[in-house]
Amino acid sequence: MLTTNPFDDDKLREECGIFGIWGADNAASFVALGLHALQHRGQEGAGVTSFDGAHFHSHRAMGHIAGNFDRDEVMRALPGRTAIGHVRYSTTGESGLRNVQPLFAELAEGGFAVAQNGNLSNAMKLRRTLNRRGSIFQSTSDTEVIIHLVATSNHTTSLDRLTDALKQVEGAYSLLVLTPDGLIACRDPLGIRPLVMGKLGEATIFASETVALDVIGATFLRDVEPGELVLVNGSGIRSFRPFAKVEPRPCVFEHVYFSRPDSVADGKSVYEVRKNIGAELSREAPVEADYVVPVPDSGVPAAIGFSQASGIPFELGIIRSHYVGRTFIQPSQEVRNLGVKLKHNANSALVHGKRIVLIDDSIVRGTTSVKIVQMMRDAGAREVHLRIASPPTRHSCFYGVDTPERAKLLAAQMSVEAMRDYINADSLAFISIEGLYRALGSERNDQQPQRCDACFTGDYPTSLTDFTEKESAGSLSLVASR
Ligand code: SF4
């Protein structure tokens, strides 16, 4: 069995990351660097497609950017001044090279490469219709549906054909499309998944997160707006808004966990928002304790915020090893359990005899929380209080995030008190949905929420044609203690 981070195995998995550039020599090299900064959004496969003005060139591989796109022979085979790329964690379609993006097709009007971050919630229905009309699919990815809709569109320009296709899909998508007509970036009308635009000299760049601009020395220009298509080519940069305007609903989980803390999402520093969440949590669920301890690494900013607001010292009570290989072989359950200690170990000298507030970003299945609390107890902690920097995750995500089925979400099955008992913590509390919005600097409008928060509330912002699961928002308590 292969493992990654034993703690991260019990997280919602980031969806995908995309990066594109128009107008730079060795465009593919910039894409590889940008994708490297987005590696946390998908580690299963990666791909880059470039266009040299006459031909498209593509390389796709399973695994990370490093090891695949740092080889001279690979990069030399991706010439051109424009390129797009993708890092992937499979959300629809099985794992495997044929689903690694960018997907590419030779259409009647020329080559068409597409990289998507998101998930179409009516892809299966559209696919059945396209199949009946004779479309032959090469992958099981929902992104390929877009290619077939473009291929069968009656419109003439790439932009119009893409617009025609996107008017038939529902769900969440941020897209980069490369055609002989130029590079097109677009975000779904609700702006569920992020996409930013930047500049490096004369080159125009698009990326899932601002951190990818930072690493290549590019300047952030602005977000691609929800419902906007941006076309970049030799005639300049043009913006189109072909969809009916709706109130945006960007994914709130980008701030909780997905985005890197050094990114700016929706104009807000992810790091600052996470600190605010910790501060809100300390006000909503105070506890007497000796130390605030983050579950590394994602719990760190919220733990700093909790510590600063409560006055309880921040300490590293769990130490993460950075030298555990991703492919560490764990032949038996006994040895697999050791994996947790190999990657993370309690700082026993610090926590022994102390009352600890543990800060984590979320609870999904709860398996990790059980192990961490036990790790603290084994290290001699007198009390272990768990504080979670998001509301209980009670619903699945259908917008490009890998969530276990609802039956496996701990908070969908148990009250907070039952979870506390299961996890064996002295107390357990989650930030409220109102507290989460306060941390983002707003107040939740229950009639018209400003963000997608469906995994907490069950309030999905689109129809879910392909999914039959019946979700309903819970109203259980957010705090429990012994
Ligand atoms: Fe983000 Fe949750 Fe909405 Fe999915 S359901 S887009 S993870 S807020």
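Enquirer: When you look at helix α12 (residues 367-378) in this model, what are you seeing that I'm missing?
Expert: Three or four residues apart is the spacing at which side chains of an α-helix point the same way, because the helix has 3.6 residues per turn. Relative to the 16 Å expected for 12 residues at 1.5 Å per residue, α12 spans 17 Å between its end C-alpha atoms, a close match to the ideal helical length. Regarding α12, the residues found buried are T368, S369, I372, V373, M375 and M376. Across the axial projection of α12, the buried residues extend over an arc of 155°, all falling on one side.

Enquirer: Looking at this structure, I do not really get the sheet that holds strand β1 (residues 16-22). What am I missing?
Expert: Strands pair in a sheet through their backbones, by hydrogen bonds, and they do so in one of two ways: parallel or antiparallel. Strand order in the open sheet formed by 7 strands is β3-β2-β4-β1-β10-β9-β11, with antiparallel pairing between adjacent strands. A strand with exactly one partner marks an edge of an open sheet, and here the two such strands are β3 (56-62) and β11 (219-223). With strand direction ignored, the average angle separating the axes of adjacent strands in the sheet is 15°.

Enquirer: I'm lost on the pairing of strand β21 (residues 427-430) in this one. Help?
Expert: Moving residue by residue along a regular strand, the side chains alternate between the two faces of the sheet. Residue alternation in β21 divides its side chains into two sets, S427 and A429 and L428 and F430, and both sets are buried. Examined bridge by bridge, strand β20 (residues 383-388) and β21 share 4 bridges and lie parallel to one another. Across the sheet, residue L386 finds its bridge partner in β21, namely L428.

Enquirer: Just to check I follow, could you spell out the nonpolar core for this structure?
Expert: Among soluble globular proteins, nonpolar side chains are generally buried collectively. F253, I277, F306 and Y399 are the most contacted members of the largest nonpolar core, which totals 41 residues. Residues from two domains meet in this core; each of domain 1 (2-249) and domain 2 (273-460) gives at least three.

Enquirer: Could you clarify how one ought to interpret the site of the ligand in this entry?
Expert: Neighbouring the ligand are 13 residues, the closest being R193, C251, C397, C452 and C455. For the shell around the ligand, the per-class residue count stands at 11 nonpolar, no polar and 2 charged.

Enquirer: Sorry, what's going on with the sheet that holds strand β5 (residues 103-107) here?
Expert: Here we have 6 strands laid out as an open sheet, ordered β5-β6-β7-β8-β12-β13, and antiparallel in their pairing. Each end of this open sheet is capped by a strand with a single partner; those strands are β5 and β13 (236-240). Across the sheet, the mean angle separating the axes of adjacent strands is 20° when strand polarity is ignored. In terms of strand pairing, β5 meets strand β6 (residues 110-120) through 5 bridges, oriented antiparallel. Across the sheet, the residue bridging to F104 is A113, located in β6. Along the sheet, helix α4 (residues 143-151) makes contact with β5, β6 and β7 (171-179), crossing β5 at roughly 15°. Against the sheet, helix α5 (residues 158-166) contacts β6, β7, β8 (182-187), β12 (229-233) and β13, and its axis sits at roughly 160° relative to β7.

Enquirer: What should I look at first to understand the packing of aromatic side chains in this one?
Expert: Each aromatic ring pair is described using two quantities: the centre-to-centre distance and the angle formed by the ring planes. Scanning the model with the defined rule gives 8 aromatic pairs in all. Ring centres of F56 and F104 lie 5.1 Å apart, and the angle between their planes is 45°; this geometry places the pair in the tilted category. Placement of F56 in strand β3 and of F104 in strand β5 is noted, with a sequence separation of 48 residues between them. A relative accessible area of 17% places F56 in the buried class. The ring of F137 carries R127 above its face, with NZ or CZ at 4.1 Å from the centroid.

Enquirer: What is the right way to look at the packing of helix α8 (residues 270-284) against helix α9 (residues 300-310) in this model?
Expert: Any two packed helices are characterised by the angle at which their axes cross and by the distance between the axes. At a closest axis distance of 6 Å, the pairing of α8 and α9 adopts a crossing angle of 45°. The angle between the axes of α8 and α9 places the two elements in the oblique class. Read as a crossing pair, α8 and α9 show a hand that is right-handed. When α8 is examined against α9, the residues Y271, R274, K275, G278, A279, L281, S282 and R283 are found in contact with a partner set consisting of P301, A302, I304, G305, F306, Q308, A309 and S310.

Cut-offs used in this document
- Residues numbered from 1 in each chain as written.
- Predicted model: local features only at pLDDT ≥ 70, side-chain atom pairs only at ≥ 80, totals over all residues.
- Heavy atoms only, no water.
- Helix = DSSP H or I, 4+ residues; strand = E, 2+ residues; numbered from the N terminus.
- Expected span 1.5 Å × (residues − 1).
- Buried < 20%, exposed > 50% of the residue type's maximum accessible area, 1.4 Å probe, protein only.
- Arc of directions from axis to C-beta.
- Pairing = 2+ DSSP bridges.
- Axes fitted to C-alpha atoms, helices over the stretch in contact; angles between N-to-C directions.
- Core = buried A, V, L, I, M, F, W, Y, C linked by side-chain atoms within 4.5 Å.
- Domains from an automatic or database assignment.
- Near = heavy atom within 4 Å.
- Nonpolar A, V, L, I, M, F, W, Y, C, P; charged D, E, K, R; others polar.
- Contact = heavy atoms within 4.5 Å.
- Phe/Tyr/Trp six-rings, centres within 6.5 Å; stacked < 30°, edge-to-face > 60°.
- Lys NZ or Arg CZ within 6 Å of the ring centre and 35° of its normal.
- Parallel < 35°, antiparallel > 145°, perpendicular 65-115°, else oblique.
- Left-handed = near helix turned anticlockwise from the far one by under 90°.

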